[in-house]
Amino acid sequence: MAWFKREHGELDTSGEKRVKTEGLWVKCDQCRQIIWKKDLDQNLHVCPKCDRHFRIDARTRLSYLLDDGKYEVEDNNLVSTNPLQFTDLKAYSDRLKRSQQDTGLNDAVINARGTLDGKPVIVSAMEYSFIGGSMGAVVGEMITRAVEKATAGKLPLIVISASGGARMMEGVISLMQLAKISAALARMDTAKVPYISVMTDPTTGGTTASFAMLGDLNIAEPGALIGFAGPRVIEQTIRQKLPEGFQRSEFLLQHGMLDAVVHRRDLKSYISRSLDFMKAPADSVASA
């Protein structure tokens, strides 16, 4: 019978070109429902069935948070020099090049200057898809610069964390960033400039052990994994079963580790009200 033919391994029974549906649907890992991707995008990448917050990239976060999605990118000329010439299954330099190609970023954070409900702010948004959002020398330097510029200009600072922690490929150079950023935040606190830390899924390792937990206000998205060591590592170490929801944002809020858990749709207005409460200077002009 000649009414059907096979092309490229697919059976074509219509004689017409097939409609591609790949990428049009997304499966929620929590409720297992199939979601029309356009509906998910319109719902801020939050599952309309169970409210699970999907991971989103740094640019998307900035577009949700800043007025009209407009902002000025700063400090985007910094690139890691691979100081240790590290190689595991791949050379670190190759991993950097691949991540740079995939994300269009030089490293795992974007420094942005914009307005939030008309209030001038500086935002550092971490990019998890860049080597797991890990913090090396470049990420540490960029966040430190954001802290110093916010301090000098009396502008509120918002850091959105999405990270696996310190970048092992840079060894102790990476660990130095924890103290470096923390020292800059201490100077910021002395200057009485507001700092709001937003923790998303996941925020772990050295990121949690330093700037992510040092905000004047520490808030998180629902269901975010937040902690130092991972739950499997802890279970294997203490040889005990961990409580249900351990290291999730709701658990941390219940045990006093967070100030609030805020839905993504409410995050901008929540931060805006918080800055009003902190009496952030809305007419400050940052120095370059």
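Residues numbered from 1 in each chain as written. Predicted model: local features only at pLDDT ≥ 70, side-chain atom pairs only at ≥ 80, totals over all residues. Heavy atoms only, no water.

Chemist: Which parts of the structure should I look at to understand the overall build of the protein?
Modeler: On a plain count of helices and strands, the protein comes out with 9 helices and 12 strands. Put simply, the protein has 288 residues, and 46% of those count as buried. Considering only intrachain contacts with a sequence separation of at least 6, the fraction spanning at least 24 residues in the protein is 66%. Accessible surface computed for the protein: about 15500 Å², of which carbon and sulfur atoms make up 52%. (Helix = DSSP H or I, 4+ residues; strand = E, 2+ residues; numbered from the N terminus. Buried < 20%, exposed > 50% of the residue type's maximum accessible area, 1.4 Å probe, protein only. Contact = heavy atoms within 4.5 Å. Areas by Shrake-Rupley, 256 points an atom, 1.4 Å probe, with all protein chains shown as cover.)

Chemist: Explain helix 2 (residues 58–65) here, please?
Modeler: Residue pairs spaced three or four apart in an α-helix point in one direction, given the helix's 3.6 residues per turn. Taken residue by residue, helix 2 has Ala-58, Thr-60, Arg-61, Leu-62 and Leu-65 as its buried positions. Contact partners of the buried residues in helix 2: strand 6 (109–116), strand 7 (119–126), strand 8 (157–163), strand 9 (195–204) and helix 9 (267–277). N-capping of helix 2 is provided by Asp-57, with a side-chain oxygen placed 3.1 Å from the backbone N of Arg-59. (Polar contact = N/O pair within 3.5 Å; in protein donor to acceptor, adjacent residues only side chain to side chain.)

Chemist: How should the side chain of Glu-170 be read in this particular structure?
Modeler: On the secondary structure map, Glu-170 appears in the loop between strand 8 and helix 5 (171–190). Put simply, Glu-170 is tucked away with no salt bridge, and the nearest opposite charge, on Arg-167, sits 4.0 Å away. Looking at Glu-170, its side chain comes within polar contact range of the main-chain nitrogen of Ala-137, at 2.8 Å. Setting aside its immediate chain neighbours within four residues, Glu-170 contacts Ser-80, Pro-83, Leu-84, Tyr-92, Gly-136 and Ala-137. (Lys, Arg positive; Asp, Glu negative; His and termini not counted. Salt bridge = Lys/Arg side-chain N within 4 Å of Asp/Glu carboxyl O.)

Chemist: Explanation requested: the packing of helix 4 (residues 137–153) against helix 5 in the structure shown.
Modeler: Pairs of packed helices are described in terms of their axes, by the angle between the two and the distance that separates them. The interhelical angle for the contact between helix 4 and helix 5, taken along N-to-C directions, is 5°, at an axis separation of 9 Å. Overall, the two elements helix 4 and helix 5 adopt an arrangement that is roughly parallel. Residues Ala-137, Gly-140, Glu-141, Ile-143, Thr-144, Val-147, Glu-148, Ala-150 and Thr-151 of helix 4 pack against Ile-173, Gln-177, Lys-180, Ile-181, Ala-184, Leu-185, Arg-187 and Met-188 of helix 5. The residue inventory of the contact of helix 4 with helix 5, partitioned by class, reads 9 nonpolar, 4 polar and 4 charged. (Axes fitted to C-alpha atoms, helices over the stretch in contact; angles between N-to-C directions. Parallel < 35°, antiparallel > 145°, perpendicular 65-115°, else oblique. Nonpolar A, V, L, I, M, F, W, Y, C, P; charged D, E, K, R; others polar.)

Chemist: What is the right way to look at a nonpolar patch on the surface in this model?
Modeler: Residues Leu-24, Trp-25, Ile-34 and Trp-36 make up a contiguous nonpolar surface patch of roughly 390 Å² in combined accessible area. Structurally, the position occupied by Trp-36 is in strand 4 (residues 34–36). (Patch = residues over 30% accessible without salt bridge, like charges linked within 9 Å, V, L, I, M, F, W, Y side chains within 5 Å.)

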